[in-house]
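Below, each chain spelled out in residue letters.
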Amino acid sequence: MKRILAFALTLALLTLSLAGVALAADDPSEEVTIRWMLDGSNVTDDSAVLEAVNAYLKEKINAKLEVIWGTWGDFDNNSVLNINSGADIDIYFTCSWSANEYSAYAKKGAWVRLDDPANNLLEKYAPNLFTVLPPVLAEGAKVEGADGVGVYGLPGYKEVAQQYTWDINTPLLTELGYSVDDVSDFYAFGDILAKAKEAKGADFYPLNIEGAVLERMVNHSDIVDTNLLLSFEFDPVNPAQSEAVIKSRYETDGYKKFVEKVREYYQAGYINPDMANHESSGPARTNAQLSGAYLIGTQTYAPGYDRQASQERGFEVTFKPAQAGIISTTSARGAMMAISSASKHPERALQFLALLNTDPYLFTLLAYGVEGVHYNLQDGKVAFTDKRQDYLPWRNGLGNITQLPLTVDDDPDIWEKFAKFNDAQGVPLLGFAFDATPVETEMTALINAANEYADPLNAGVVDPAEKLPEFIAKLKANGIDKVLEEANTQLQAFLAAKGN
Amino acid sequence: MTRAPAATRPILAHNLARRKKTLLLTSMALPGALWLLLLRYLPMFGLVFAFQTDRIRPTLWDRVIKNAWTGFKNFEFLFTTSDSWRMVRNTIAYNAVWIVLGLVVSVAFAIILNEIPRKFLGKTYQTLMFFPYFISWVVVSYFVFAFLSPDKGLLTFWQRSLGQTPVDWYNTPGPWPYVLTLAYLWKNVGYSCILYLAAITGIDASQYEAAGIDGATKWQQVRFVTLPHLRNMIIILLIMSVGKIFNSDFGLFYNVPRDSGPLFSATQVVDTFVYRALAKTGNVGMSTAAGLFQNVVNFVVIMLVNTLFRKIDPETALF
Amino acid sequence: MSVAKSASRRASRLTTVGPGAEAVFHLILGLFSLACVVPFIFVIIISFSSEPAIRANGFSFLPAAWSLDAYRFVMRLGDQLWRSYFNSFFITVVGTALSVLICVLYAYPLFRRDYKYRGFFTFFSFFTTLFGGGLVPTYMVSKFMLGLSDNYAALIVPLLVSPFYIIVMRTFYSSTVPEALIESASIDGSGEYRTLFQIILPICLPGIATIALLNALAYWNEWFIAMLYITKPQYIPLQYLLMRMQNQADFLARNSSMIGAEAVNLVANQPTETLRMALVVFIVLPIACAYPFFQRFIISGLTIGSVKG
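Residues numbered from 1 in each chain as written. Chains lettered and ligands numbered in written order. Predicted model: local features only at pLDDT ≥ 70, side-chain atom pairs only at ≥ 80, totals over all residues. Heavy atoms only, no water.

(A) Representation of the environment of Ile271 of chain A in the model. Residues and elements named next belong to chain A. As for its placement among the helices and strands, Ile271 is situated in the loop between α11 (253-267) and α12 (278-291). Placed 189 residues apart in sequence, Ile271 and Gly460 show a C-alpha to C-alpha distance of 8.1 Å. Residue contacts for Ile271: discarding those within four places in its chain leaves Tyr205, Leu207, Ile209, Val262, Tyr265, Tyr266 and Ala459. (Helix = DSSP H or I, 4+ residues; strand = E, 2+ residues; numbered from the N terminus. Contact = heavy atoms within 4.5 Å.)

(B) Examining the interface of chain C and chain B more closely. Counting residues at the interface gives 106 residues for chain C, matched by 97 residues for chain B. Considering only the surface of chain C that becomes buried against chain B, Leu29, Leu130 and Phe131 of chain C emerge as the three largest contributors, covering 7% of it. At the boundary of chain C and chain B, one finds one salt bridge. Between Lys21 of chain B and Asp114 of chain C there is a salt bridge whose closest N-O contact spans 2.9 Å. Linking chain C with chain B are 11 residue pairs in polar contact (both at pLDDT 80 or more). In terms of residues, the side of chain C that touches chain B owes the most to one element, helix α2 (residues 19-47) of chain C, which gives 16 residues. (Buried area = accessible area lost by both parts, 1.4 Å probe. Salt bridge = Lys/Arg side-chain N within 4 Å of Asp/Glu carboxyl O. Polar contact = N/O pair within 3.5 Å; in protein donor to acceptor, adjacent residues only side chain to side chain.)

(C) The domain arrangement of chain B, seen in detail. All names here are of chain B. For chain B, the assigned domains read domain 1 (8-53 + 55-66) and domain 2 (76-312). The distance between the C-alpha centroids of domain 1 and domain 2 comes to 33 Å. Listed as interface residues are six residues of domain 1 and, on the opposing side, five residues of domain 2. In this assembly, domain 1 packs against domain 2 so that about 440 Å² is buried in total across both faces, 79% of it on carbon and sulfur atoms. Together, Leu47, Phe49 and Ala50 form the three largest contributors to the area buried by domain 1 at its contact with domain 2, with a combined 72%. In this structure, the connection of domain 1 to domain 2 is made through zero salt bridges. For the pair domain 1 and domain 2, the interface holds zero residue pairs in polar contact (both at pLDDT 80 or more). For the side of domain 1 that touches domain 2, the residue count by class is four nonpolar, one polar and one charged. (Domains from an automatic or database assignment. Nonpolar A, V, L, I, M, F, W, Y, C, P; charged D, E, K, R; others polar.)

(D) Representation of helix α14 (residues 284-312) of chain B. Its 29 residues place the ends of α14 of chain B 42 Å apart at the C-alpha level, agreeing with the 42 Å of an ideal helix rising 1.5 Å per residue. Among the residues of α14 of chain B, the N-terminal cap falls to Asn283 of chain B, whose side-chain oxygen and the backbone nitrogen of Gly285 of chain B are separated by 2.9 Å. (Expected span 1.5 Å × (residues − 1).)

(E) The pattern of salt bridges, seen in detail. The tally for this structure, following the rule as stated, stands at 32 salt bridges over all chains. Between Arg285 of chain A and Glu210 of chain A there is a salt bridge, with its nearest N and O atoms 3.7 Å apart. Of this pair, Arg285 of chain A sits in helix α12 while Glu210 of chain A is found in the loop between β9 (207-208) and α10 (211-219), placing the two residues 75 residues apart along the sequence. In the salt-bridge network here, residues are joined through shared partners; they are Glu452 and Lys474 of chain A together with Asp83 and Arg86 of chain B.

(F) A look at the sheet that holds strand β11 (residues 230-233) of chain A. Residue and element names in this part refer to chain A. Strand order in the open sheet formed by three strands is β10-β11-β12, with antiparallel pairing between adjacent strands. Of all strands in the sheet, those bounded by a partner on one side alone are β10 (221-223) and β12 (247-248). In terms of strand pairing, β11 meets β12 through two bridges, oriented antiparallel. From the neighbouring strand, Ser231 faces β12, where its bridge partner is Lys247. (Pairing = 2+ DSSP bridges.)

(G) Representation of helix α8 (residues 176-201) of chain B within the structure. All names here are of chain B. Taking 1.5 Å of rise per residue, 26 residues should cover 38 Å, and α8 covers 37 Å from first to last C-alpha, within 8% of that figure. Of all bends in α8, the biggest is about 40°, found at Asn188. The element α8 is largely enclosed, with a buried count of 22 among its 26 residues. (Bend = angle between axes of the 7 residues up to and from the residue. Buried < 20%, exposed > 50% of the residue type's maximum accessible area, 1.4 Å probe, protein only.)

(H) Region of the structure containing the domain arrangement of chain C. All names here are of chain C. Domain annotation of chain C identifies domain 1 (21-67) and domain 2 (76-308). The straight-line distance from the C-alpha centre of domain 1 to that of domain 2 is 29 Å. On the domain 2 side, the residues contacting the nine residues of domain 1 number nine residues. For the domain 1 and domain 2 pair, buried surface summed over both sides reaches about 740 Å², with 85% attributable to carbon and sulfur atoms. Those elements that provide at least two residues to the side of domain 1 that touches domain 2 are α2 and α3 (51-57). Ranked by residues supplied to the side of domain 1 that touches domain 2, first place goes to α2 with five residues. Among the residues making up the side of domain 1 that touches domain 2, the classes are represented as six nonpolar, two polar and one charged.

(I) Representation of the interface of chain A and chain B in the model. Chain A puts 48 residues into the contact, and the matching count from chain B is 48 residues. With both sides pooled, the region where chain A packs onto chain B buries about 4,000 Å², and carbon together with sulfur makes up 56% of that total. Viewed at the interface, chain B and chain A are joined by three salt bridges. Measuring nitrogen to oxygen at the nearest pair gives 2.9 Å for the salt bridge that ties Lys108 of chain A to Asp54 of chain B. Counting across the interface, chain A meets chain B through 11 residue pairs in polar contact (both at pLDDT 80 or more). Where the side of chain A that touches chain B is concerned, the elements lending two or more residues are α1 (2-19), α3 (78-84), α12, α18 (440-459) and α19 (464-477) of chain A. In terms of residue count, α1 of chain A provides more of the side of chain A that touches chain B than any other element does, 10 residues in total. Residue composition of the side of chain A that touches chain B, grouped by class: 24 nonpolar, 18 polar and six charged.

(J) The sheet that holds strand β1 (residues 32-38) of chain A, seen in detail. Residue and element names in this part refer to chain A. Pairing in this open sheet of five strands is mixed, and the strands run β3-β1-β4-β16-β7 from one edge to the other. Each having just a single partner strand, β3 (63-69) and β7 (154-155) make up the two edges of the open sheet. The pairing of β1 with strand β4 (residues 91-94) spans two bridges and is classified as parallel. Across the sheet, Trp36 pairs through a bridge with Ile91, a residue of β4. Here helix α2 (residues 47-61) sits on the sheet and contacts β1 and β3; the angle it forms with β3, its principal contact strand, is near 140°. (Axes fitted to C-alpha atoms, helices over the stretch in contact; angles between N-to-C directions.)

(K) Representation of the nonpolar core in the model. Ranked by size, the top nonpolar core spans 199 residues in total, and within it Phe77, Met129 and Trp176 of chain B together with Tyr106, Tyr108, Met169 and Tyr173 of chain C carry the most contacts. Of all the elements, α8 of chain B adds the most residues to this core, at 16 residues. Not counting the four nearest positions on each side in its chain, Phe77 of chain B is found in contact with Thr441 and Thr444 of chain A together with Phe273, Val274, Ala277, Leu278, Met286 and Ala290 of chain B. Core analysis: the second largest hydrophobic core is formed by 165 residues, Tyr92, Phe186, Leu446 and Ile447 of chain A among them. (Core = buried A, V, L, I, M, F, W, Y, C linked by side-chain atoms within 4.5 Å.)

(L) Broad picture of the environment of Ile199 of chain C. Residue and element names in this part refer to chain C. Position of Ile199 relative to the elements: it lies in helix α11 (residues 192-203). Classification of Ile199 as partly exposed rests on a relative accessible area of 30%. When residues no more than four places from it in sequence are discounted, the contact partners of Ile199 are Leu181, Ala185, Ser190 and Arg194.

(M) Molecular detail of the confidence of the model for chain C. Residues and elements named next belong to chain C. Residues with a pLDDT of 70 or more make up 86% of chain C, whose mean pLDDT is 81. Taking the mean pLDDT of every element in chain C, the minimum, 41, falls on helix α1 (residues 2-12) and the maximum, 95, on helix α8 (residues 152-156). Every residue in residues 301-309 scores below 50 in pLDDT, and together they form 16 contacts with partners more than four places removed in sequence or on other chains. Two summary scores accompany this predicted model of the complex, namely pTM at 0.88 and ipTM at 0.86. (pLDDT = per-residue confidence, 0-100.)

What follows is the structure in structure tokens.
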């Protein structure tokens, strides 16, 4: 046994030490292959696109592109495994909201620091890149990573702001004798909901909510950690003026008031009991939206939604803001590209990314496909062909989407609306990302506690009088105070550094 | 060689034959052994991740030598949570009950199937019993949901039509130990039944004949011919399942209750706790630590059980 | 042959169960079998239900309206569906053949009490059921060192050896093969391989058929391996096709608020429950049809056992 293990050990060490090849300096005359892992794509045939892309890249940066088209299910599994195992991939999609989270992996050393004073890749290979992007994006990209505070990824330019809106079934609301103006205060929804319930019968649930989103809408509480244990409450009118303090989301008075009201609405039959469970709530919510079987819902807004939702559902949908739009760390890091620390050609990868974000030809090619194959131009607008079904990457995940031409389905004013939407105020916490590593042990138990209580409380299916104290006791027992203190200490340090 | 004393020649030949036999038999085990070496033993290097910081490096080798050692810090999260006891209790209690129940039910079914005179019906039952094994827990969860859904479930409808207040299944932990047990048996009995059935069909028919001639009743035949014959298989499967006492069938505990929070007191097991804790952070060190800890517990338990069986009858022990 | 078969069968049933007991047996097994197959029937019914009916009333055994939409949608997967079908068949057949061969070979020396390294090899395989390196190291070794990535080997090799089946096979050997048989073969001058393939394996057919069946099931049902090592659509097996839809729909439902303007469209166009159920039907039917084939081997093993006696 021992001998075999010793043998295995030697074998493995030998192979692995061979695998660790030292990085050579980039030689522009050598053609390299850039491997790019994307998520959220639905691509079955990329040959025409890559042929055109490669011809172009060969001439521009002497490189070939190979894309790994991860699907929507790949965010949480495949990309994380590849990142963790140092796969031979140069560029990854990353962001603030999925498992391949930007700041955590920057901290773990998965990304190359792009503005590292030692080599300053950004200055050398993409000097103009951040000038085409809004400054908030550059601010949002700064993070404390394995090689100090700096830029570890390139933010994509899509919706930079974030805004919660009430999703209103307008024809039904009118039918009930109300107007959109009447939908504003969650705590005063009672009468409207009662009337809807009365008019539509027992099987009709007027409040079509995503519990966690509703909670953020009502309490104006932004995300601090991906597990939603902590919150930052901002001023709904003047977000930039908010007090910079992090709270324990479920222990505030606002939360208690909120869950009591939700419970009241639930018991009155306004909320579908399926909403308590994240597996049932998704399909149930989509069903209600598509069939118009709701009155008021929750929606994270983006320009163009109204048009798209109304088309999709076949009735007029109004999205009414519940608060001012904000730019936060989460929203600024909505879609990014990072260069893997395992990449053998980080210089060329960055050159490619710089080109991608500043060259409309390349970006349109990758986002929409080849002209004459995947789309045709009608009066300068993109009209997709059937071939498009074989090539559907996630457009917003690719990069700077403002380079794209309009499609025939787009709102003609979409880019103005887009610019206006992105002109929101940044919150004081913009750029701050909570680093959970010092309290990782506590977090594991707290996450489980939140899994146990938060969804049912947010949807009102359990009695807050009994469950909320139980929940809070469990949070306390598992060290929420320590986590909160750590978060505020980090925040103070961040603000102090920012002030300088 | 030719001058060797006559007496040693047969011994040499015997030795040679024995070596040849050993060589040939070893060659049979080699393909499997090579696979185990490459795909199971080699990755065991990863166990050091459990004792290191979770820093990502371009190669496994870099990671092993460059990452800082943290002692047992990655293990702490399993013990510091106020839910430690609950998840350990659930994990072990469900496994213990199910090992016994599963064993009794599958052996009983295998024997009954073998005794059914109408072979056609027997085969049909056997085929049908196999169906659940094809259906993933995700699909099973739809099925269970169709019965228990809070607004459209069949049981909910039924209770309403009887004028009762329907049970809010996904928020009431009480009935879930039974629901999970039923789901477990439903899915696994057909599978383990086939192992026992195959073992039974290997029994020499003459043994039954002899017993029959001696005037043994059917029950006596089962007791004195079938069961002793199944003993090896029962013990092996028993030891193997005891070796998983600290693990759980993830889909059963996660998908079937639809990851519903209020049910955690009945459905939280070590595997689901670890999954929920690390799904978002993806800490490789901590997940390796959790797996290693589970393995060590399993190892200790299986060693105890194996030793026990060896004391009773050396032939039945696994090794 | 058939005369010998029925004669020996009858002989083995000198004493049969009484009619009362038999009725009870049928009742128990019948009910259990029904419980086993009802969910699948339910899955079939859902796959033929109309989507608006499900939206209105939830899943039901008697849907308000029927529809073939799900199957039309599956057909629209077109080439990918048949390609995945082929992949599933291919990896199941090749994988099962290889893994049964390796298993039978590995288990045989473990059963031979006169084999010098019996203890070592038993423990060598058994130990791996207790300890493993975990997902990430296994992934690293398989993908980067062994090159199991986007090829058929990536779908076949990771499931090739199962210590559990090895131990089960060893148990089959030890409960069916009399030791005298090996001794006499060895005295007759039969080589080890010949003894195994010509004398031992034929009497162990029920065991082999069982191992083959379990292996085939494992290969047919596998999707996790495919998720890890396959990104190119041409290698995707059927189960993974289904699981991928599942994962996508779940992910979109959870994160629609983060995806942007495309989300409305994406969420609305996710494959419906009926489509997923239709895929389950596509997955289950072939292997359910193959089952009686394995069963015949298990039964024929019985016959050989009797004739030998």
